[in-house]
Structure formats: structure tokens, C-alpha cells
Amino acid sequence: MANLKEIRNRISSIGSTMQITSAMKMVSAAKLKKATDTIMAMRPYSEKLTELIQNISATLEGDNAGIYSQTREVKNVLFVAVTSNRGLCGGFNANIIKQINHLSQNEFKGTNIDLLTIGKKGFDVLRKQFNVTENRSNLYDDLSFDNSAVIAQQLMDAFVEEKYDSIQIVYNQFKNAATQIVVTEQFLPLLPIETDSNASSDYIYEPSKPEIIETLIPLSLKTQLFKAVADSVASEHGARMTAMHKATDNAKDLRDQLTLSYNKARQAAITNEILEIVGGAEALNK
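Residues numbered from 1 in each chain as written. Predicted model: local features only at pLDDT ≥ 70, side-chain atom pairs only at ≥ 80, totals over all residues. Heavy atoms only, no water.

The next subject is the pairing of strand E3 (residues 131-135). Of the pairings in the sheet, the one linking strand E2 (residues 112-118) to E3 comprises 4 bridges and is parallel in character. Paired with Thr-117 across the two strands is Asn-135, which belongs to E3. Following the chain from E2 across helix H3 (residues 120-126) to the adjacent parallel E3, one finds a crossover that is right-handed. (Pairing = 2+ DSSP bridges. Helix = DSSP H or I, 4+ residues; strand = E, 2+ residues; numbered from the N terminus. Right-handed = clockwise from strand over helix to strand, strands pointing away.)

Okay, structure coming up:
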């Protein structure tokens, strides 16, 4: 058994760790509120805009459907891996890395795969396994629609230039503070939806459908990427808050166990000292 000084030092060390994890939990909880407000306000707009684009696209024919709807044989794929710049958030980053590996070995096996990473943690690991063409971790320094739109435009240009036949975004979708869902979302080409041929017959389009598509599709794609990154940020804070809560609880349990061990060791030491004193007194009386 460790001596009393070693146990006291461990108890003190665990107490300091508890203060750190508890503070990180509170910081993440404060940031989570702002992040969830942002994503909850944005989701309905993004989903409705995407639905509108898909419905209009489904009624167009041939090249009028737009350059972003063109489907080609998938030979070159780009994954946009959205992770975090910081750790201590449980399996948040590991789940994205695991999903990228799964996709490369299954759905996209045999294709040429490149990566664009948003987040330092994903970049540090994935660059050892894949060809990472660019790391945009600095997006988190000033996360805004305008800054993410620059990356979205870069992705759209790469698709139009036929550098990639498919672009997929892999990120954590926020459900609640304890649950994040790993999502693989097709960015390009646009996914068609099944709809009736007369679904849009009740609408009058001004200007024409192709002109509307040409204007709204880039906006929709930029919104889609920004929503994915905002979702990831909310998920990161939720994952870190949960991880730090568990770490604090585990540290408390360990501290309680060590305190019990310390009390037992101290009691045993006192008992031994008493026995030694009684034994010495009896030896003097003989």
C-alpha cells in the first residue's frame, strides 16, 4: 500500500483535476446555448431552401437542371471532414475519422479520394492516411456565413471543373448535449427527389425556373456548408460538456476511494504505534 504522503499527493492532484474539468464543463455549457440557438434557427431555413431547390430542379429537363446537378461516373471523390481544433470532447473527432475510413473502404472503395479538413484534430490524423489537399482550421477563428461561403464556392468550382465527381460532407449533427449523430451529407451533385410531374404546376415563376435555379443553388450550397459547420460546433460543445461532466464524476469517485484508503492507512499506522507503545510498556514491567 502506498504511504500516507503519496496518497495525500494523489488526492490533492485529483482535486486540482476536478476543478479544471468542472470549469471546462461550465464554459462548454455557456457556449452550447449560443451554438444551439444558432443551429436551431438556421435548420428550418436551410431545409426549406434545399427542398425548394430540389422541387424546382425536379421539374426541369436536360441541361436546364443546372451544372450542379450533373451526375458523372464517380472516379474522384472529395470528403469535407468537419472536426474540432481542440480535444477533450470524448469520441467527437474519433467518430468522424472512423466514418471517413468506413466510407473509403466501402461505398467509395476503388475511387481516388482527397480530403479537405475543417478542424485541426481531424487534419492531424487523416493526413497520415489520405491526401489532404487543404486544411481550413482557421475558419473557427471567425466562423461566419461569409467565411464559410468562400470554402463552399471553392468546392463548387472544383465540381464544375470536373476535378471531383462527388463531394461529401462528414460532420457531427447536434441532437442534444449527450447525443451527436455522425452524418454523411452529399454536397455535390445535388440529390434529385421523387416528385409528381405536375407538382409545381400551381406556381408561376418569375423570372424563369432556370434563372431562379442559377441564383438559388449557390446560396443553398453555401448555406448547407455553413449549417454543417455550425452543427458541428454545437455538437463539439455538447460532447465536451458531457465528457467533462463524466470526468468530474470519475475524479470525485476516485478521490473518495483514495480518501477511504488514506483513512484506513492512517488508522493502521496509529494502531501500530499504540501496539508498539503497549508492547514497550509491558516489556518494562517484566
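From this point, things continue past the structure.
Take a nonpolar patch on the surface next. A contiguous nonpolar surface patch, about 240 Å² in accessible area, is contributed by Ile-270, Ile-274 and Val-278. Summarising the element assignment, Val-278 is placed in helix H5 (residues 209-285). Given the relative accessible area of 40%, Val-278 is considered partly exposed. (Patch = residues over 30% accessible without salt bridge, like charges linked within 9 Å, V, L, I, M, F, W, Y side chains within 5 Å. Areas by Shrake-Rupley, 256 points an atom, 1.4 Å probe, with all protein chains shown as cover. Salt bridge = Lys/Arg side-chain N within 4 Å of Asp/Glu carboxyl O. Buried < 20%, exposed > 50% of the residue type's maximum accessible area, 1.4 Å probe, protein only.)

As a further point, take the pairing of E2. Most of E2 sits inside the fold, with 6 of its 7 residues counted as buried. Across 7 bridges, strand E1 (residues 76-82) lies against E2 in parallel orientation. Along E2, the bridge assignment pairs Phe-79 with Leu-115. The parallel pair E1 and E2, bridged by helix H2 (residues 92-105), forms a crossover whose chirality is right-handed.

Within the fold, Thr-271 resides in helix H5. Given the relative accessible area of 39%, Thr-271 is considered partly exposed. Within the local environment of Thr-271, its side chain forms a polar contact with the backbone oxygen of Gln-267, the two atoms lying 2.8 Å apart. (Polar contact = N/O pair within 3.5 Å; in protein donor to acceptor, adjacent residues only side chain to side chain.)

Note on placement: Lys-31 falls in helix H1 (residues 4-58). Spatially, the C-alpha atoms of Lys-31 and Val-233 are 9.4 Å apart, while their sequence positions differ by 202 residues. Those residues in contact with Lys-31, other than ones at most four positions away along the chain, are Arg-86 and His-237. (Contact = heavy atoms within 4.5 Å.)

Our focus in this paragraph is the layout of surface pockets. By volume, the largest pocket amounts to about 460 Å³. Secondary-structure elements contributing two or more residues to the lining of the largest pocket are H1 and H5. Sort the elements by how many residues they give to the lining of the largest pocket and H5 lands first, with 6 residues. For the lining of the largest pocket, the class distribution of residues is 6 nonpolar, 4 polar and 6 charged. (1 Å grid on protein atoms, 1.4 Å probe; cavity = no way out; pocket = protein on both sides within 12 Å on 5 of 7 lines; lining within 4 Å. Points joined across faces, edges and corners; volume = space filled by probe spheres on them. Nonpolar A, V, L, I, M, F, W, Y, C, P; charged D, E, K, R; others polar.)

The next thing to look at is the pattern of salt bridges. Considering all chains together, one arrives at 8 salt bridges under this definition. Of the charged contacts, one joins Lys-120 and Asp-124 as a salt bridge, the two residues approaching to 3.0 Å between their closest N and O atoms. Of this pair, Lys-120 and Asp-124 both sit in helix H3, separated by 4 residues, roughly a single helical turn. The class for Asp-124 is partly exposed, based on a relative accessible area of 22%. With a closest N to O distance of 3.9 Å, Glu-185 and Lys-227 form a salt bridge. Pair noted here: Glu-185 is in strand E5 (residues 179-188) and Lys-227 is in helix H5, with a separation of 42 residues, a long-range link.

Just distances and angles here, no functional claims.
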